[in-house]
Amino acid sequence: MKSQELRQAFVDFFAARGHKHVPSASLIPDAMSTTLFTIAGMEPFVPAFLGEVPPPGPRAVSVQRCLRVAGAKSDIENVGRTGRHGTFLEMLGNFSFGDYYKRDAILWAWEFLTDVMRLDKEKLYVTVHVSDDDAQRLWESEIGLAPERITRWDEDNFWTMGPTGPCGPCSEIFYDTGAPYALNAGDTGPNLGNRYVEIWNLVFQQYNRASDGALTELPAKNIDTGAGFERMLAVANGFASMYETDLFTDLIAAQPPIEKTSLTLDEQLVRQRIIADHARAVTFLIADGVYPSNTDRGYVLRFLTRRAIRNGKLLGYPDGFLTAIVPHVVRSLESGYPELKSALQRVEATVGTEELAFDRTLERGNERLAQLLEAAKSENRAIAGSDVFELHDTHGFPSELTKEIAGEAGVAVDMAGFETAMEEQRERARADAAKKRAVVTVAEMPALVSEFSGYDGLEDDGRVQWITVDGATVESITDGDEAQIVLDRTSFYAEKGGQIGDRGTLTTAEGAVFRVLDTQFVGEAIAHRGVLSGGPIVVGDTLHTAVDPFWRQEIRRHHTSAHLLQRALKDVLGDEVAQAGSWVGVDRMRFDFRSPGGALTGDQKRDVVARVNAMIRADHHLVTKVMTPAEAAASGAISMAGEKYGDKVRVVHAGPAVEFCGGTHAITTGELGLFLIVSEASIGTGVRRIESVVSQAAEAYALEQQELVASLAESLSAKPAELAPRVERLQTDVRDLQKSLADMKARLAAADAATYVENAEQLGGKRVVLAVVREANAESLKHLGSAILQKLRNGVVALAGVDDGSVSLLVTASGDAVAGGVHAGNLVKLAAPLVGGRGGGQAAQAQGGGKDVAGVDAAIEAIRGALAG
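Residues numbered from 1 in each chain as written. Predicted model: local features only at pLDDT ≥ 70, side-chain atom pairs only at ≥ 80, totals over all residues. Heavy atoms only, no water.

Side note on the overall build of the protein
A tally of regular secondary structure across the protein gives 22 helices and 33 strands. Projected onto the principal axes, the alpha-carbon positions of the protein cover approximately 95 × 80 × 55 Å. Within the protein, buried positions represent 49% of all 869 residues. Relative to all contacts within the protein whose residues are 6 or more apart in sequence, the contacts with residues 24 or more apart total 68%. (Helix = DSSP H or I, 4+ residues; strand = E, 2+ residues; numbered from the N terminus. Buried < 20%, exposed > 50% of the residue type's maximum accessible area, 1.4 Å probe, protein only. Contact = heavy atoms within 4.5 Å.)

Now the structure itself:
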């Protein structure tokens with residue numbers, strides 16, 4: 001059975017039994033998810049299971065793409081080394097939202113396995129939870145399974161998605177692959193080894209687990225089943241390993257011939273499997289809108305990409321091999337995910353850029369990693385967490401890759417130390433996310449839906465459905481209360497798709513005014529956050545909604561400019577340009593995009609601005625049409641990778657710019673007035689960011705720039721047209737003066753060096769110069785240290801410079817001193833904490849610094865003690 005046949009057979013089987021086919025959601029989960037990626041087939045349905053939003057129907061079936069690379073569901077260590085573990089996987093699932101329960105779930109699973117897949121019934125075994133007598137009875141009485149083929153487990157048969165969320169007891173179905181695959185003599189049943197492979201998990205969702213671990217009953221008992229597609233396909237074809245199925249054999253065959261390698265044949269196959277798995281994951285991540293970076297999802301993508309590339313290099317594969325595999329991945333999966341084909345060029349461009357970048361990273365980082373490995377081996381220690389962080393932060397080496405390479409060399413890595421070094425960066429990201437989520441949290445809110453009427457006007461009337469204060473549900477609020485109010489109908493746009501939420505007022509018939517400061521979605525409800533003046537407001541009241549006209553006007557104009565900008569970028573740079581994100585505010589617009597050619601040249605930037613302004617002057621009337629996503633794609637409308645779309649989408653036509661978009665827009669492009677680019681810069685590998693302004697913000701920016709130019713012209717006694725050559729001459733003069741100053745400092749340092757050498761000490765058999773230098777910054781120390789070492793010839797120079805409340809540290813060592821065991825980097829690392837800072841470097845020279853001037857003498861003494869010992 002081929003992969004596409006099994007995928008379709010599963011969907012058809014449950015569709016024939018009243019299940020609505022729900023297309024796979026993105027690998028990027030909902031913003032309120034606790035997971036970095038979609039890790040389970042039921043994850044897109046979590047809000048429905050919790051009763052926060054209506055389900056797609058009483059029954060659903062899906063084939064959901066998932067990624068498991070971190071946390072409890074991670075399989076990264078076993079990828080390619082066992083026949084059943086991968087990072088990217090597909091989950092077959094049938095779901096019931098308060099409709100059928102255990103009996104039908106069990107009967108249909110058995111029917112599909114035995115009648116459709118025609119698996120041998122005698123090779124199927126099941127497990128149930130220790131408390132689930134009902135499931136045990138159904139397997140015995142309804143299916144006729146012998147009691148000895150049913151085993152009970154505790155934690156193994158209680159399914160959770162993560163630390164919080166829907167959960168419940170489960171019943172798993174296992175397939176006996178046969179005695180040759182047994183791990184040992186005790187491998188005689190499910191969960192005892194490798195012989196029995198879990199192929200289907202029937203989860204009886206009945207609880208919600210809170211952050212404190214408490215379990216509460218869900219609004220309705222549900223069915224959530226998950227069948228690992230890759231494992232099912234292997235079993236259907238009589239294979240013990242999923243890597244023997246067409247999902248992987250085609251990708252392994254597409255890899256280049258193995259050239260020079262020291263790997264064994266078994267290890268070569270493992271590396272080929274890793275590459276095949278990671279190529280699948282990388283392709284889908286990029287198609288879903290993730291791009292390489294050093295944080296969050298982009299970091300995972302970069303790690304998987306670079307891990308695949310490194311494994312290819314171990315096999316002697318040529319440069320660019322991973323990019324060449326991408327079309328084969330698309331061909332392998334497009335029958336189930338036709339959207340992959342349209343993303344092919346974007347994926348190839350991204351992987352190609354990352355391959356080139358990693359080649360440069362390897363050149364820079366391999367030397368540093370080799371030094372760290374050599375030092376760790378010689379000193380019989382682990383690589384320090386701070387060094388792992390340096391490789392990650394400075395050289396772009398993912399920490400997991402450092403750990404893997406070190407492990408191959410027999411060296412441990414202090415990952416705890418690395419996590420400590422990373423915590424500050426992570427905490428900032430968490431704080432930002434928590435701040436946003438805190439604003440929109442509504443405790444125990446039922447599955448409410450708000451109708452948005454703001455496409456047709458700024459005002460409307462809506463009935464109060466829910467009120468919360470500090471996360472607690474209340475029936476009413478009064479004067480001065482800060483709260484969130486959910487209405488059944490509102491003209492306020494809730495933040496979505498990069499467009500910020502509306503501001504304005506909600507008023508009662510009695511004249512109380514609720515000043516709305518922000519508007520956010522909570523599930524499908526629209527929550528207005530603000531402060532009440534007067535009062536009270538009670539659940540059930542009818543409120544008049546009025547959006548701030550200026551706020552909405554300027555936001556919709558900036559939002560419309562994003563459409564025009566993307567069209568202009570594609571016209572100037574090519575269709576490979578793809579939006580990677582946006583932010584639309586009242587006074588500016590930020591547009592992130594994948595750029596195939598890197599930074600825009602001056603000519604390209606001018607061309608883009610000219611094209612956008614030409615579309616503005618054409619005064620196109622905006623037209624919005626509602627259609628299915630398939631109809632919208634067929635019409636040529638641009639969609640954003642990774643964005644989730646419902647059964648119907650709004651397609652906005654702004655002249656030649658045609659896009660999927662649910663935001664608010666100008667009536668005509670002429671409203672925008674003027675478009676100006678404020679900045680254009682890189683925010684990651686292959687990703688550029690343009691910040692721009694239109695309308696009143698553009699007028700203000702143009703006036704500000706005009707005044708700035710006039711001021712500079714007056715200061716330099718030049719006409720505006722003469723500013724560029726005048727500034728260039730000034731820069732030349734400054735460079736000449738800096739060179740003269742550097743020469744003078746070098747001569748002064750040479751003169752001072754003799755004095756320092758005369759005061760050299762003998763420590764540990766080496767001549768050592770140790771000194772605190774007043775009014776000396778890092779640059780001055782370099783000149784002085786070089787001059788001293790030149791006169792000293794053999795020995796060590798350790799200087800601490802104090803300048804304007806800061807401390808600079810410098811240690812240099814001659815070749816003989818290094819050969820004798822001196823390591824400048826280690827000495828700086830020893831001293832830097834004493835001045836409240838950090839530092840490091842090579843054995844021959846290292847630098848550091850800090851802000852604690854009071855510790856400068858202690859820092860020098862620490863180096864003296866280390867050298868004396």
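From this point on, the discussion continues.
Concerning the packing of helix H7 (residues 265–287) against helix H9 (residues 321–333)
Remark: H7 packs on H9, axes separated minimally by 9 Å, with the N-to-C direction vectors making an angle of 75°. Classified by the angle between their axes, H7 and H9 sit roughly perpendicular to one another. Judged by residue contacts, Ile275, Ala279, Arg280, Thr283 and Phe284 of H7 engage Phe321, Leu322, Ile325, Val326, Val329, Val330 and Leu333 from H9. Looking at the contact of H7 with H9 residue by residue, the classes come out as 10 nonpolar, one polar and one charged. (Axes fitted to C-alpha atoms, helices over the stretch in contact; angles between N-to-C directions. Parallel < 35°, antiparallel > 145°, perpendicular 65-115°, else oblique. Nonpolar A, V, L, I, M, F, W, Y, C, P; charged D, E, K, R; others polar.)

Let's talk about the nonpolar core
In this structure, Trp139, Ile199, Trp200, Met232 and Ile383 are the most contacted members of the largest nonpolar core, which totals 110 residues. With 11 residues, the single largest contributor to this core is H7. Not counting the four nearest positions on each side in its chain, Trp139 is found in contact with Ile106, Trp110, Val126, Val128, Gly144, Leu145, Ile150, Ser171, Ile173 and Leu202. Counting residues in each nonpolar core, the second largest holds 33 residues, with Trp551, Ala568, Ala657 and Ala666 among its members. (Core = buried A, V, L, I, M, F, W, Y, C linked by side-chain atoms within 4.5 Å.)

Observations regarding helix H17 (residues 695–715)
Between its first and last C-alpha atoms H17 spans 31 Å; for 21 residues at 1.5 Å apiece the expected length is 30 Å, and the two agree. Taken from the residues just after H17, Ser717 is the one with a positive phi, measuring 55°. (Expected span 1.5 Å × (residues − 1).)

Concerning the sheet that holds strand E33 (residues 845–850)
As summarised here, the arrangement of the six strands in space is E28-E29-E30-E31-E33-E32, forming an open sheet in which the pairing is mixed. In this open sheet, the two edge strands, each paired with only one partner strand, are strand E28 (761–763) and strand E32 (838–841). The mean inter-strand angle of the sheet, taken between neighbouring strand axes irrespective of direction, is 20°. When strand E31 (residues 806–813) meets E33, the two strands line up antiparallel, connected through six bridges. Bridging across to E33, Ser808 finds its partner in Gly849. Taken strand by strand, helix H19 (residues 778–792) contacts strand E29 (766–774), strand E30 (796–803), E31 and E33, and its axis lies near 155° from that of E30. In the packing of helix H22 (residues 856–868) onto the sheet, the strands contacted are E28, E29, E30 and E31, and the crossing angle to E29 comes to about 175°. (Pairing = 2+ DSSP bridges.)

A few points about the sheet that holds strand E27 (residues 687–694)
One open sheet holds the four strands; their spatial order is E21-E22-E27-E26, and the pairing between them is antiparallel. The sheet terminates laterally at strand E21 (578–584) and strand E26 (675–684), the two strands that pair on one side only. Sheet twist, expressed as the mean angle between neighbouring strand axes with direction ignored, is 20°. Note: strand E22 (residues 589–594) against E27, six bridges, orientation antiparallel. Bridge assignment links Arg590 to a residue of E27, and that residue is Glu691.

Let's talk about the side chain of Ser3
Mapped onto the elements, Ser3 comes out in helix H1 (residues 3–15). With residues up to four places along the chain from it excluded, the contact list for Ser3 reads Phe229, Leu233, Asp246 and Leu247.

Quick word on the pairing of E22
With respect to burial, E22 is a largely interior element, five of its six residues being buried. Relative to E22, E21 runs antiparallel, the two being bridged by six bridges. Bridging from a neighbouring strand, Trp583 pairs with Arg590 of E22. Taking the residues between adjacent antiparallel strands as the criterion, E21 and E22 are bridged by four residues.

As for the pattern of salt bridges
Under the counting rule described, the total for this entry stands at 40 salt bridges. Of the charged contacts in the structure, one is a salt bridge between Arg271 and Glu267, with a shortest N-O distance of 3.1 Å. Linking Arg271 with Glu267, this pair stays in helix H7, spanning four residues, or about one helical turn. In terms of burial, Arg271 and Glu267 fall into one category: buried. Between Lys829 and Asp387 there is a salt bridge, with its nearest N and O atoms 2.9 Å apart. Note that Lys829 is positioned in helix H21 (residues 824–831) and Asp387 in helix H11 (residues 385–395), a separation of 442 residues in sequence. Of the residues examined, Lys829 reaches a relative accessible area of 31% and is grouped as partly exposed. We classify Asp387 as buried; its relative accessible area is 4%. Because the salt bridges share partners, they merge into one network encompassing Arg81, Glu267, Arg271, Arg310 and Glu408. (Salt bridge = Lys/Arg side-chain N within 4 Å of Asp/Glu carboxyl O.)

Overview of the packing of aromatic side chains
Under the counting rule described, the total for this entry stands at 24 aromatic pairs. Each ring, one from Phe112 and one from Trp200, has its centre 6.0 Å from the other, and the planes form 90°; the classification is edge-to-face. Placement of Phe112 in helix H3 (residues 102–116) and of Trp200 in strand E8 (residues 196–209) is noted, with a sequence separation of 88 residues between them. Side by side, Phe112 and Trp200 carry an identical accessibility label, which is buried. Ring-pair connections join several aromatic residues into one group, and the members of that group are Phe10, Phe13, Phe14, Tyr100, Trp108, Phe112 and Trp200. Over the ring of Tyr125 we find Arg149; its NZ or CZ atom is 5.3 Å from the centre of that ring. Sitting above the plane of the Phe521 ring, Lys496 keeps its charged end 5.4 Å from the centroid. (Phe/Tyr/Trp six-rings, centres within 6.5 Å; stacked < 30°, edge-to-face > 60°. Lys NZ or Arg CZ within 6 Å of the ring centre and 35° of its normal.)

Focus on the environment of Pro318
With respect to the helices, strands and loops of the structure, Pro318 is situated in the loop between helix H8 (296–314) and H9. C-alpha separation for the pair Pro318 and Pro257, spaced 61 residues apart in sequence, amounts to 9.5 Å.

Some details on the pairing of E32
As judged from the four bridges shared by E32 and E33, these two strands associate in the antiparallel manner. When the bridges of E33 are listed, Gly840 appears paired with Gln847.

Some details on H1
Between its first and last C-alpha, H1 extends 19 Å over 13 residues, near the 18 Å set by a 1.5 Å rise per residue. Every buried residue of H1 is accounted for by Ser3, Leu6, Arg7, Phe10, Val11, Phe13 and Phe14. For H1, the arc enclosing every buried residue in end-on projection is 160°, short of the 170-degree limit, so these residues lie on one face. (Arc of directions from axis to C-beta.)

Comments concerning the state of the cysteines
Under the definition given, this model contains zero disulfides. Of all cysteine sulfurs in the structure, the one in Cys170 sits closest to Cys167, which takes part in no disulfide; the separation is 11 Å. (Disulfide = S-S within 2.5 Å.)

Considering the packing of helix H14 (residues 549–573) against H17
Two numbers describe how H14 lies on H17: the axes approach to 8 Å, and their chain directions differ by 80°. Taken together, the axis directions place H14 and H17 in an arrangement best described as roughly perpendicular. Together, Phe550, Gln553, Glu554, Arg557 and His558 of H14 and Ser695, Gln696 and Ala697 of H17 make up the contact between the two elements. Looking at the contact of H14 with H17 residue by residue, the classes come out as two nonpolar, four polar and two charged.

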